[in-house]
Amino acid sequence: MLKPLRQGLPPLDPAAVSNAASCALPARYEAVREARLFTRRTLDQWDVGERFDDICLVVSELVTNALRHALPGESEHPAAPQAPAVRLHLMRWTERLVCAVRDPSHDTPAPGDSDDFSAESGRGLFLVDSFSDSWGWHPLAGTLSGKVVWALFRLHPAE
């Protein structure tokens, strides 16, 4: 089921992006709420139809995972003034939308090991897989360090 690890985005023409928005998120759990509010405001303007709730849920899961698993703990870098931020990107094409979360970690996203469906954590990637049309991740190159975890949603044109 969860096979898309280390896949790149399917071919999408960057020149054909009809809308794009991004925001930097601080390295604290309140950033999940900020990401949801940013996503809701952005999607309200873009009219994504019935995918609205799916996209908002997936953004919450991706940002939560980045904050929980991808940021260094305070004990690892006590002299660092502030942990690196996470960045949320939303990109819309006519019939597709991609949400991507960039974080400073090089670790592979991995689903939780628990089969306990009553557990309060460990199901984030399962939810991403269930509510998006595809997802994956890729390491960043060049001067950027870390990775991007993305989810793609197919949008149905308004009738």
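These remarks concern the structure in this document.

Conventions and cut-offs
Residues numbered from 1 in each chain as written. Predicted model: local features only at pLDDT ≥ 70, side-chain atom pairs only at ≥ 80, totals over all residues. Heavy atoms only, no water. Helix = DSSP H or I, 4+ residues; strand = E, 2+ residues; numbered from the N terminus. Buried < 20%, exposed > 50% of the residue type's maximum accessible area, 1.4 Å probe, protein only. Contact = heavy atoms within 4.5 Å. Areas by Shrake-Rupley, 256 points an atom, 1.4 Å probe, with all protein chains shown as cover. Expected span 1.5 Å × (residues − 1). Arc of directions from axis to C-beta. Pairing = 2+ DSSP bridges. Axes fitted to C-alpha atoms, helices over the stretch in contact; angles between N-to-C directions. Parallel < 35°, antiparallel > 145°, perpendicular 65-115°, else oblique. Left-handed = near helix turned anticlockwise from the far one by under 90°. Nonpolar A, V, L, I, M, F, W, Y, C, P; charged D, E, K, R; others polar.

### So, the overall build of the protein chain
- Along the backbone of the protein chain there are three helices and five strands.
- Secondary structure elements of the protein chain occur, N-terminal to C-terminal, as β-α-α-β-β-α-β-β.
- A burial count over the protein chain gives 39% of its 159 residues as buried.
- Of the contacts made within the protein chain by residues no fewer than 6 positions apart, 69% connect residues no fewer than 24 positions apart.
- On the protein chain, roughly 9,300 Å² of surface is accessible, and the fraction owed to carbon and sulfur atoms is 50%.

### Concerning helix α1 (residues 30–46)
- Here α1 spans 25 Å end to end across 17 residues, near enough to the 24 Å set by a 1.5 Å rise per residue.
- Of all the positions in α1, only Ala31, Val32, Ala35, Phe38, Thr39, Thr42, Leu43 and Trp46 are classed as buried. Across the axial projection of α1, the buried residues extend over an arc of 125°, all falling on one side. Facing away from the buried side of α1, by more than 90 degrees, are the exposed residues Arg33, Arg41, Asp44 and Gln45.

### A short note on the side chain of Asn65
- Along the chain, Asn65 turns up in helix α2 (residues 52–70).
- Looking at Asn65, the relative accessible area reads 18%, which means it is buried.
- Residues in contact with Asn65, not counting those within four places in the same chain, are Ala70, Gly124 and Leu125.

### Structural notes on the sheet that holds strand β5 (residues 147–154)
- The sheet built from five strands is open, its strands ordered β1-β2-β3-β5-β4 with antiparallel pairing. The sheet terminates laterally at β1 (19–25) and β4 (134–139), the two strands that pair on one side only. Across this sheet, the average inter-strand angle for adjacent strands is 15°, counted without regard to direction.
- Pairing of β1 with strand β2 (residues 86–92), which is carried by seven bridges, proceeds in the antiparallel orientation. When the sheet's bridge partners are listed, Leu25 is paired in β2 with Val86.
- Sitting on the sheet, α2 is in contact with β1, β2, β3 (96–103) and β5, with an inclination near 15° to β3.

### Things to note about the environment of Cys99
- Relative to the assigned elements, Cys99 resides in strand β3.
- Separated by 36 residues in sequence, Cys99 and Trp135 have C-alpha atoms that sit 9.5 Å apart.
- Leaving out residues up to four positions away in the same chain, Cys99 has contacts with Val58, Val59, Leu62, His89, Leu90, Val149, Trp150, Ala151 and Phe153.

### Quick notes on the packing of α1 against α2
- Between α1 and α2, the least distance of the axes is 9 Å, while the angle of their chain directions is 150°. In terms of axis orientation, α1 runs roughly antiparallel to α2. As for the relative orientation of α1 and α2, their crossing is right-handed in sense. Within the contact between the two elements, α1 uses Ala31, Val32, Ala35, Arg36, Thr39, Arg40, Leu43 and Asp44 and α2 uses Phe52, Asp53, Ile55, Cys56, Val59, Ser60, Val63, Thr64 and Leu67.
- Considered class by class, the residues forming the contact of α1 with α2 number ten nonpolar, three polar and four charged.

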